[in-house]
Amino acid sequence: MRIGILGTGTLAAALAEGWARAGHEIVLGGRSPAKARGLADRLGPDVSAAEPREVVTGRDAVLLAVAWDGVEDVLRAVGAADGSLADTPLIDPTNPVDHGVGALLTGPGESMAERIAGLAPGAHVVKAFHLFPSDQWTRPGETAVTVAMCGDDPAALEVVGELARAVGGAPAVLGSLDRARQLEEVAGFVIGLVFAGHDPGAAVPHMPSAAAQEPRRQDDR
């Protein structure tokens, strides 16, 4: 696939590296053209740099890998309000939370993903890739992880699921985009525990999936 990445930070670099390794063509850009060119040069021949508007043109998916409070400026720069991202799977990995605390900073009942959908009319927004640290995506196969995601467009969810598998993740669609706030709250929960010195994995009960439980139910009949 042809993937556009808006941003040049650690998540942008990690997913660009992982997706390029899987054979996808990556174009990235950000506020600093020099930083974008430097990152592209470091990641190899399947990664190139371009101006932000070019990053979103003719792509099979676009990753919005910027800080949540910079989203509006970036989308304005690429002409999102004019429909430049219409019909494009737009991946939102942002975490609109108070750093070190984890409390959501969006309005009551609001999710960042739904705000992004309003700023980019026609885009198929998918919330995904927001729960794990960036280096998770540069070591595929080392640890199996579930990539929880939600969105309204089935085709966009399939594209993002393919990209999750490309970096060693197992996609899990939890529903439509109105579930995004729940996913963002989970990120805040994880971040709050980490900064308080606790292991989030130990705070969530390990339970077998419903599919794994079904044979047991049948044996009990």
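Numbering of residues starts from 1 in every chain and runs along the sequence as written. Only residues with pLDDT of 70 or above have their local features reported here, since the model is predicted, and side-chain atom pairs are shown and tallied only from 80 upward, although totals for entire chains, interfaces and linings are computed over all residues. In computing side-chain values, all of the structure's heavy atoms are included and hydrogens and water are not.

The name given to the protein in an unreviewed UniProt entry is NADP oxidoreductase, with the source organism recorded as Actinoallomurus iriomotensis.

S.K.: In this structure, what is going on with the nonpolar core? I would like to understand it.
M.R.: One recurring pattern in soluble globular proteins: nonpolar side chains tend to sit buried together. Residues I5, W19, F129 and W137 are the most contacted members of the largest nonpolar core, which totals 35 residues. Where helices and strands are cited, they refer to DSSP runs of H or I of at least four residues and of E of at least two residues respectively, numbered from the N terminus. Listed by contribution, the elements that provide at least two residues to this core are β1 (2–6), α1 (10–21), β2 (25–29), α2 (33–43), β4 (61–64), β7 (145–151) and α6 (154–166). Buried Ala, Val, Leu, Ile, Met, Phe, Trp, Tyr and Cys residues form a nonpolar core when they are joined through side-chain atoms within 4.5 Å. Relative accessibility decides the category of a residue: with a 1.4 Å probe and only protein chains considered, values under 20% of the type maximum give buried, values over 50% give exposed, and everything between is partly exposed. Judged by nonpolar contacts, the second largest core, of 25 residues, contains A50, A148, L177 and A180.

S.K.: What should I look at first to understand unusual backbone geometry in this one?
M.R.: Most of the time, phi is negative for any residue but glycine, and the peptide bond is trans. You will see that D87, though not glycine, has its phi angle at about 70 degrees, which is positive. Of note, F129 is a non-glycine position whose phi angle comes to about 60 degrees, a positive value. With respect to the element layout, F129 can be found in the loop between β6 (124–127) and β7.

S.K.: Looking at this model, I keep getting lost on the environment of I5. Mind explaining?
M.R.: On the secondary structure map, I5 appears in strand β1. Look at I5 and you get buried, because its relative accessible area is 0%. In this structure the C-alpha to C-alpha distance between I5 and A80, which are 75 residues apart in sequence, comes to 14 Å. Only heavy atoms matter for contacts: two residues are in contact if any of them lie within 4.5 Å across the pair. Residue contacts for I5: discarding those within four places in its chain leaves A12, A16, W19, I26, V27, L28, G29, V55, L63 and A65.

S.K.: Got a minute to help me understand the sheet that holds strand β5 (residues 89–92) in this structure?
M.R.: Remark on secondary structure: sheet strands pair via backbone hydrogen bonds, oriented parallel or antiparallel. Strand pairing follows a simple DSSP-based rule, namely that at least 2 bridges must link the two strands. Strand order in this open sheet of 8 strands is β3-β2-β1-β4-β5-β6-β7-β8, and the pairing throughout is mixed. Strand pairing shows two members of the sheet lacking a second neighbour, β3 (47–49) and β8 (169–173), which therefore form its edges. Direction aside, neighbouring strands of the sheet carry axes that sit 25 degrees apart on average. Under this scheme, a helix contributes an axis fitted over its contacting stretch, all axes are lines through C-alpha atoms, and angles between N-to-C directions fall in the 0 to 180 degree range. Where helix α5 (residues 112–119) meets the sheet, it contacts β4, β5 and β6, and its direction lies at approximately 165 degrees from that of β6. Of the strands in this sheet, β1, β4, β5, β6, β7 and β8 are in contact with α6, which crosses β7 at around 165 degrees.

S.K.: Where do I start with the pattern of salt bridges in this structure?
M.R.: Working definition: two side chains of opposite charge can pair if their charged atoms are close together. Salt bridge, as applied in this entry: a Lys or Arg side-chain nitrogen positioned within 4 Å of an Asp or Glu carboxyl oxygen. Here the structure, examined in full by the defined rule, presents 10 salt bridges. The residue E17 makes a salt bridge to R21 at a minimum N-O spacing of 2.9 Å. Of the two residues, E17 and R21 are both situated in helix α1; the distance of 4 residues between them amounts to about one turn of the helix. Across the salt bridge formed by R165 and E158, the nearest N and O atoms sit 3.3 Å from each other. A relative accessible area of 49% means that E158 is categorised as partly exposed. Salt bridges linked by common partners bring E72, D73 and R76 together as one network.

S.K.: Any chance you could explain the pairing of β7 here in plain terms?
M.R.: In the case of a regular strand, side chains alternate between the two sheet surfaces. With 6 of 7 residues buried, β7 lies mostly within the body of the structure. For β6 and β7, the ladder comprises 2 bridges, and the chain directions are antiparallel. Bridging across to β7, V126 finds its partner in G151.

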